[in-house]
Amino acid sequence: MKSIIINSLLLLSLSAVLFSCKKDFGNLNSPTVESFLGNAAQSDLNNLVSGTESGLRTSLAFYLDDVGTIGREGYHFSASEPRYVTDLLGADAATLSNSNFYINTPWANAYRVVKNCNLLIQAANNSTLITSDQKSGYYGFARTIKAYQLLLNLNLTDSNGIRLDVSDPDNLGPIVSYSEGLAGILALLDSAKADLSAGSVVFSLSSGFNGFNDAAGLIKFNRALAARVDAYLANWPDVLTALSESFFSLTADFNLGVNHVFGTGTGDQLNPMFFPQNQTGEVRVAHPSYATDIQPGDDRISKATLRQATASLSGLSSNRDVWVYTSSTAPVPIIRNEELILLYAEANIQNSNFPEGEKALNIIRNGHHLPNYSGPVTKDALIDEMLYERRYSLFFEGHRWIDMRRYNRLNELPLDRTGDDIWSEFPLPVSE
Amino acid sequence: MRKFKLLAALLLYIVMLPTVSSGQNRPVSGTVTELNGKPISGATVQVKGTTMGTVTDEAGKFKLSAPSNASIIISSTGFRSQTVKLEENASNLSLVLEEDVAKLDEIIITGLSTSVKRRNLANAVATISATELNGVAASQTFDGALNGKIPGAYINANTGAPGGGMSVKLRGVTSVYGNTQPLYVVDGVFVDNSATSAGLNVITGALAGGSVTSNQDNPSNRISDIRPEEIENVEILKGASAAAIYGSRAAGGVIIITTKKGRPGPTRITLSQDLGEIKASKLLGVRQFTAQRAASLSNDSATGVALSQEFLAAQSAGKIYDYEKEVFGNTGFARNTLLSMSGGNEKTTFYFSAAQKDEGGIVKNTGYRNSSLRFNAEHHVSDNVKLTISTNYINSGAGRSLTGNDNKGVSLGIALSSTPGFAELHPDKLGNFPNDPFASSNPLQTIALMRNNESVNRFISGLTLGATFQRSTKSTTKFVAQGGFDFYNLETNVLFPSVLQFQAVNKGTSIQGFTKNLNTNYILSLVNSLTVSDKLSLTTSAGLTQESGDYNNLLNVATQVISGQSNVDQAGALTATQFRTRFENDGAFIQEEASIMDAITLTGGVRFDRSSNNGDANKYYAYPKAGISWNLTRSGIFSREGIFDNFKVRAAYGEANNVPAYGSKFTSMVVSNIEGLPGSLINIQRGQPGIKPERQTEFEAGFDFSVLKGALSFEATFYDKHIFDFLMQSNLPSSSGFSTSWLNAGNLRNQGVELGLNARPVSSRTITWNTSLNFWINRSLVTKLTIPPTPQGSFGYILGTFQIEQGKSATQIIGLGGPGGSIVKWGDAEPKFQMNTYNEITFLDKWSFRFLLHLKAGGQNVNLTSLENDFGGTSADYDKVSNKLGVPDAIYRIMSIGSTAKEFVQNSGYLKLREIGLYYSIHKIPVSYVKGIRIGVSLTNFLTVTKYKSYDPEVSNFGAGFSSGVDVDPYPASKRADFHISMDF
């Protein structure tokens, strides 16, 4: 009789195993999109804000290498990745491919951040736990960052365009032209400005936004970006208007602005643009013309320090390291006052207000231990001078190639090997 | 409740079953020999219908006691079983076994708890015996020992690093992004074969984007823990037609491993010792520099002058080095010790083994160690109840170094590729290594100071209970419960101290990984055998199954590590990642086998399965199977006195699934922090809530025959395998914010032919030659693709890439180089065909000579190893001029980048002498307690004939998945020579 009981118990436990019902284990590793779209609390939305800010940095090195290499600011020598010196420089028959990392990675990352911004907007919109001006604060941040990311992609693909409307992954908006793209980005910045004006900021940003981490500060950041876009559109009066609403100042520190910051904390990132000096193998060196074209006394030579030994690869060589980012936690500027001063100079020159343009240029020159500008005061000469200052002031911050392109001067960039090419734009990624 | 009562009663009945009373016993003895009079040792002699039995000794003699009127069955591998009715006088019986090269009497497991003899089998099931697996030459790991031995398989080593890492594909690619690897079942336990990355991507950046792990980290896969020496037999179910009853995990085929069991009789103790040497199979050689060549490494004239002076100084000091040899030229010492003990009586048998191996690698400070304890026991509780237990504890470890693809110039091969022989990399008198001025890392320093170790503690245990609770003259019914678990802890220990050249930014990196995995499974079934008449018998089985898995991986990445320390708290910065997966599959099955006149066998069955990995976790999928085999000789259509001793035609059909990868239904948010602010960032993989499993149907048909009294047999099989709704990680327009999404993207097909010939061309008293020759061929075709052609995991059209495209082979490799800059096909990972031949020649009673040859004809790899060397200016043939432009070959190859991928898609066909061994046995030994000694010498992978221009044509640096055959500076393959001695006590 005892054994019957024991056997029955055995079978009972067995059947419990057999007929257990919990078969869906859910996602064990992370939250899901759905969990944010339900009814997100302020802390959830703040996680999306930080994820967005953090995500901006992921493919930064690819973007800066793309723009810096094609713009002949420098080379990335890599023993393991030849395409930095073949495809990007157009060696022999090599061309830019639509299936390679140099376009796919930065492009995808920018749109990933855009997607995160869209998710933030949607989650904030769905949330009943925050006030409407708090919602506006999230919208304003998300739209400003979206515009910035779209601009970076448009900088790469230029006349090949971008998609502006990507909110529905199953029904993506059309690829729009360069000018439509810029107009769309500008409109996005304007709407973000309106959001921020009506909104309040209840989220924390990193120290990269120090001084700009409230609604008023974010508006200044937003307008600084708008000034850059207006300059690309050659809307010179608008550049000046935007600058006046930004943190632009002829007297403030050149480095005042908004930065990507880096850290060693968990889940954080290190500055991918930092290579120690005199490395071998994996190096980022300045184009030889950086040192040969610089004016005597210009302290910006310190951005390209002399190496102990010349680095060379595949018929290219340089004896100067790129030394803009001097530690693994050094910040990378998103936009800073030195660029704004130069935009101010550019707009004034373009508006034929030469004294004001010259004044701004001299502020830059004097700031770098150069005497006042002494060349001819003509539009062309001042534009040349402005491009010189931009080249050295914004070295390896992602501008040279785009500046030369918008002034139709790509053919002035140096060719180092017979058979090299200077590309004017990247193809759209094959996935598009 | 009624059900429980019924079952309870049933169990009680089993426990209380009376044992069959054994009547009066009497002694039986005899000798078992081959036709030519040679004694057969180790043959099983069993009294029919009982558990009584013994095995023959070295002289073929046996003794046992049996009831009068009993029959005895004598069986031995390679011979036909024989049943003998005992006469009055049953001493000194002379029993002769006929040879059976076709292994017609081999028992093949065809159901979850049923089996049939090969002669009645409807499928082409490959089996590998212990001798074939492990008796020719030494292999480091079990999966390595399978290589070249399975007709219909395509096996590749992902890396030559100690501890293995193999990819096994049966009958073509069965999945693009899903699991392509077979399910391994060891004594009824579904064992884990995952590969856990140690987080090397942190160091190499092989996969851009800052991920901690990637498919290029070349970890070992866990089936390598199993020791080949403990295996009795391996059975390979190559596709759904044979494996459907394994349901949702059978799509890649099933490899059923049976470990050694004891046999009744005196206790046998065997002690084996192997000693060996491991060396690189091939080195590529280095460029011979001259002052002018040294100068040409730079286009800067001043640097060029400095380089040529550096070269001349090194040359006059006699300091030109062959760094490839210094890095990959180490000779690893290998030792392997195995102590086994087996025996038992009629009620209980056991097998115990203790084994340890320790093998060095071709790179210093690398190697493999494996210690294993196994205890298998079988106990007859009564004549009706049998309990089988197998337990195995394994401790394995490997030091694997840093090789393969890398975007930071730190892996050994990449660093070598740009380091000329006149550079000085050796440490100074104080032991400090100089920086390599030509690369990001000094490979000698890396080898000396780094650590990349795996260590595993694993316990695998299986239990089978078979209880016959109903027995009559016509019917017996058995309850079979089988199950077990596989549990391991895996530690990965990666340390790159701060003094390393490339640790200038991170100042020391320590990556400590901890993984815990538990797999469990059970099968509860009822099996009824019903003899309807002497012309018809039926076997019915039905049951329930469950498999579950729980995997938890924690990786801690510490940087700014305090010198000499590896603990992750001894560091300035720490990042942790955790990854978990869980699944549970539940199933039920029923299977019916009918044997008509012992000539026609019909099989039909169906399994129902659900899996927590499917989009709909509660939906049951059905996997039917059916088979027919018709023995034409037994049914009298072919006379048995005619040409054919045996002629069988067969056909089988089955379906199986491959469940989606864990987590493919979710769009997850990954962590991405900034300055201590916790951040959530959307994953680049879009979730697919409606994801379905891949469905496979396979039809196979063939015929087998044997002639010349079983001395020659031939087997031919054709199969047609379709995969529906195959899973792909499709590339989404990345402007959606997502890069990939799982998708049921289309259908693909594999068709192939397998031919096998087994023969004993020579059989005399002094010499016997057994040979088998196999030929196999597979072709795949993507029959439907609902998305545009998709390039797959490689280096793009410029260097050659796989591409899934409707109407094309699934494994095609395409790239630039067509007319007008178009993209054309340059190759296919699929071999044209493969062949192998296994031979065993025994002569003069004492000698045995065995070898295995393997031919892979055609098939291409994407070879970037030689390209890296060209770029670094160090390829051995750099300055050779054999091209039409008259420039150095390396320059020519570099110039072709961007115009054609032809140079990089290379034929990887080969002929390999995989294993060769010569063994000598001594039976007459003056010392009485030693019963036998065997000594031998063997060579493994010693000879490879290939035109392929890298270390080894068998390579897959992108892991075990779909994209095999990508070659980027791997850990080179090795060859080995071993001396073996083994003693029986």
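Residues numbered from 1 in each chain as written. Chains lettered and ligands numbered in written order. Predicted model: local features only at pLDDT ≥ 70, side-chain atom pairs only at ≥ 80, totals over all residues.

Peer 1: Whenever I open this one, the overall build of chain A confuses me. Can you help?
Peer 2: If you tally the helices and strands in chain A, you get 14 helices and 8 strands. Within chain A, the proportion of its 432 residues that are buried is 54%. The contacts of chain A with a sequence gap of at least 6 include a subset with a gap of at least 24, amounting to 69%. (Helix = DSSP H or I, 4+ residues; strand = E, 2+ residues; numbered from the N terminus. Buried ≥ 20, exposed ≤ 12 C-beta atoms within 10 Å, placed from the backbone. Contact = placed C-beta atoms within 7 Å.)

Peer 1: Would you mind going over the overall build of chain B with me for this structure?
Peer 2: The secondary structure content of chain B amounts to 13 helices and 48 strands. For chain B, whose C-alpha radius of gyration is 30 Å, the value lies close to the compact-globule estimate of 30 Å for 985 residues. In chain B, which comprises 985 residues, the share counted as buried stands at 55%. Taking all contacts inside chain B whose residues are at least 6 apart in sequence as the whole, residues at least 24 apart take part in 68%. (Rg over C-alpha atoms; globule rule 2.2 N^0.38 Å.)

Peer 1: What's the story with the environment of L526 of chain B in this structure? I'm lost.
Peer 2: All names here are of chain B. Along the chain, L526 turns up in strand β24 (residues 509–533). Note: C-alpha distance between L526 and S541 (15 residues apart in sequence) is 5.4 Å. Every residue in contact with L526, bar those within four places of it in the chain, is listed here: T477, F479, S541, A542 and G543.

Peer 1: What exactly am I supposed to notice about the domain arrangement of chain B here?
Peer 2: One frequent convention defines the size of an interface as the accessible area lost when the parts assemble. Residue and element names in this part refer to chain B. In terms of domains, chain B is made up of domain 1 (2–98), domain 2 (126–282 + 330–864 + 904–984) and domain 3 (291–321). For domain 2 versus domain 3, the distance between C-alpha centres works out to 47 Å. Taken residue by residue, the interface counts 4 residues in domain 2 and 9 residues in domain 3. When grouped by side-chain class, the residues that make up the side of domain 2 that touches domain 3 number 2 nonpolar, 1 polar and 1 charged. (Domains from an automatic or database assignment. Nonpolar A, V, L, I, M, F, W, Y, C, P; charged D, E, K, R; others polar.)

Peer 1: What's the story with the sheet that holds strand β1 (residues 25–34) of chain B in this structure? I'm lost.
Peer 2: Across a sheet, strands are paired by hydrogen bonds formed along the backbone, either parallel or antiparallel in direction. Residue and element names in this part refer to chain B. Read across the sheet, 3 strands follow the order β4-β1-β7 without closing on themselves; strand pairing throughout is mixed. The open sheet terminates on both sides in strands that have one partner only, identified here as β4 (61–67) and β7 (93–97). Across the sheet, the axes of successive neighbouring strands diverge by a mean angle of 40°, strand direction being ignored. Here β1 runs beside β4; their pairing, made up of 7 bridges, is antiparallel. Looking at β4, one finds that S29 is bridged to K63. (Pairing = 2+ DSSP bridges. Axes fitted to C-alpha atoms, helices over the stretch in contact; angles between N-to-C directions.)

Peer 1: Would you explain the interface of chain B and chain A in this entry?
Peer 2: If you look at the interface, chain B gives 85 residues, while chain A gives 82 residues. A per-class count over the side of chain B that touches chain A returns 39 nonpolar, 36 polar and 10 charged.

Peer 1: How should I be thinking about the sheet that holds strand β14 (residues 189–191) of chain B in this particular structure?
Peer 2: Residues and elements named next belong to chain B. What the 5 strands build is an open sheet, ordered β10-β15-β16-β13-β14; its pairing is mixed. Of all strands in the sheet, those with a lone pairing partner are β10 (126–129) and β14, marking the two edges. Going across the sheet, the axis of each strand differs from the next one's by a mean of 25°, ignoring polarity. Here strand β13 (residues 183–186) runs beside β14; their pairing, made up of 3 bridges, is antiparallel. Considered in β14, the bridge of V185 is made with F190.

Peer 1: Is there a simple way to explain the pairing of strand β43 (residues 860–863) of chain B in this structure?
Peer 2: Across a regular strand the side chains alternate sides, sitting on one face of the sheet and then on the other. Residues and elements named next belong to chain B. Of the two faces of β43, the one carrying Q860 and V862 and the one carrying N861 and N863 are both buried. Sheet topology places β43 next to strand β44 (residues 905–907); 3 bridges connect them, and they run antiparallel. Residue pairing for β44: V862 is matched across the bridge by V905. One ladder, built from 2 bridges, connects β43 with strand β47 (residues 966–967); its direction is parallel. Counted as the bridge partner of N863 is D967 from β47.

Peer 1: I keep staring at the packing of helix α8 (residues 215–232) of chain A against helix α11 (residues 337–350) of chain A and nothing clicks. Help me out?
Peer 2: Packed helix pairs are specified by the crossing angle of their axes together with the interaxial distance, meaning the distance between the axes. Residues and elements named next belong to chain A. Two elements in contact, α8 and α11, have axes whose closest approach is 11 Å; the angle formed by their N-to-C orientations is 40°. In this structure, the crossing between α8 and α11 has a hand that is left-handed. Only L340, L343, E346 and A347 of α11 make contact with α8, whose side of the interface consists of A224, A227, R228 and A231. For the contact of α8 with α11, a count of residues per class yields 6 nonpolar, no polar and 2 charged. (Left-handed = near helix turned anticlockwise from the far one by under 90°.)

Peer 1: For this particular structure, what's the right way to read the packing of helix α7 (residues 178–198) of chain A against α8 of chain A?
Peer 2: Residue and element names in this part refer to chain A. Remark: α7 packs on α8, axes separated minimally by 10 Å, with the N-to-C direction vectors making an angle of 165°. In this view, α7 runs roughly antiparallel relative to α8, as classed from their interaxial angle. Where α7 crosses over α8, the handedness of that crossing is left-handed. Mapping the contact onto sequence places L182, I185, L186, L189, A192, K193, L196 and S197 in α7 and A215, L218, I219, N222, L225, A226, V229 and Y232 in α8. (Parallel < 35°, antiparallel > 145°, perpendicular 65-115°, else oblique.)

Peer 1: What exactly am I supposed to notice about the domain arrangement of chain A here?
Peer 2: All names here are of chain A. According to the domain assignment, chain A contains domain 1 (33–247) and domain 2 (336–413). Summarising the inter-unit geometry, the C-alpha centres of domain 1 and domain 2 are found 25 Å apart. The partner domain 2 presents 18 residues to the 22 residues of domain 1 that form the contact. For the side of domain 1 that touches domain 2, the secondary-structure elements that each account for two or more residues are α4 (60–70), α8 and α9 (236–245).

Peer 1: Is there a simple way to think about the confidence of the model for chain A in this case?
Peer 2: The predicted coordinates ought not to be read in detail in places where the model reports low pLDDT. Residues with a pLDDT of 70 or more make up 95% of chain A, whose mean pLDDT is 91. Across residues 1–13 of chain A, where pLDDT falls below 50, the model places 12 contacts with residues more than four positions away in sequence or in other chains. (pLDDT = per-residue confidence, 0-100.)

Peer 1: What's the story with the pairing of strand β1 (residues 74–77) of chain A in this structure? I'm lost.
Peer 2: Residue and element names in this part refer to chain A. With burial as the criterion, each face of β1 is covered, one bearing G74 and H76 and the other bearing Y75 and F77. The pairing of β1 with strand β5 (residues 283–286) spans 4 bridges and is classified as antiparallel. Paired with Y75 across the bridge in β5 is V285.

Peer 1: For this particular structure, what's the right way to read helix α13 (residues 379–393) of chain A?
Peer 2: Because the α-helix completes a turn every 3.6 residues, residues three or four places apart line up on one side. Residue and element names in this part refer to chain A. For α13, built from 15 residues, the straight-helix expectation of 21 Å at 1.5 Å per residue is met to within 8% by its first-to-last C-alpha distance of 20 Å. Every buried residue of α13 is accounted for by L382, E385, M386, E389, R390, R391, Y392 and S393. Buried residues along α13 sit in contact with α11, α12 (354–367) and α14 (400–406). (Expected span 1.5 Å × (residues − 1).)

Peer 1: I'm lost on unusual backbone geometry in this one. Help?
Peer 2: Most of the time, phi is negative for any residue but glycine, and the peptide bond is trans. Residues and elements named next belong to chain B. The phi dihedral of K507 is positive, around 50°, even though this residue is not glycine. Among the secondary structure elements, K507 is positioned in the loop between β23 (475–496) and β24. Given 19 C-beta atoms within a 10 Å radius, K507 is considered partly exposed. One non-glycine residue, D725, adopts positive backbone phi at about 55°. Within the secondary structure, D725 is located in strand β34 (residues 712–731). We classify D725 as buried; it has 20 C-beta atoms within 10 Å.

Peer 1: Whenever I open this one, helix α5 (residues 101–126) of chain A confuses me. Can you help?
Peer 2: Taking 1.5 Å of rise per residue, 26 residues should cover 38 Å, and α5 of chain A covers 36 Å from first to last C-alpha, within 8% of that figure. Buried residues dominate α5 of chain A, accounting for 23 of its 26 residues.

Peer 1: I tried to follow the environment of A242 of chain B on my own but got confused; where do I start?
Peer 2: All names here are of chain B. Counting through the fold element by element, A242 comes out in helix α5 (residues 240–243). Along the sequence, A242 and L271 sit 29 residues apart, while their C-alpha atoms lie 38 Å from each other. Contact partners of A242, with chain neighbours within four places excluded, come to N123, V125, L237, A652 and G654.

Peer 1: Mind showing me how you'd approach the environment of F942 of chain B here?
Peer 2: Residue and element names in this part refer to chain B. Assignment of secondary structure puts F942 in strand β46 (residues 932–946). Separated by 107 residues in the primary sequence, F942 and M835 place their C-alpha atoms 18 Å from one another. Apart from the residues lying within four places of it in its own chain, the contact partners of F942 are L913 and K975.

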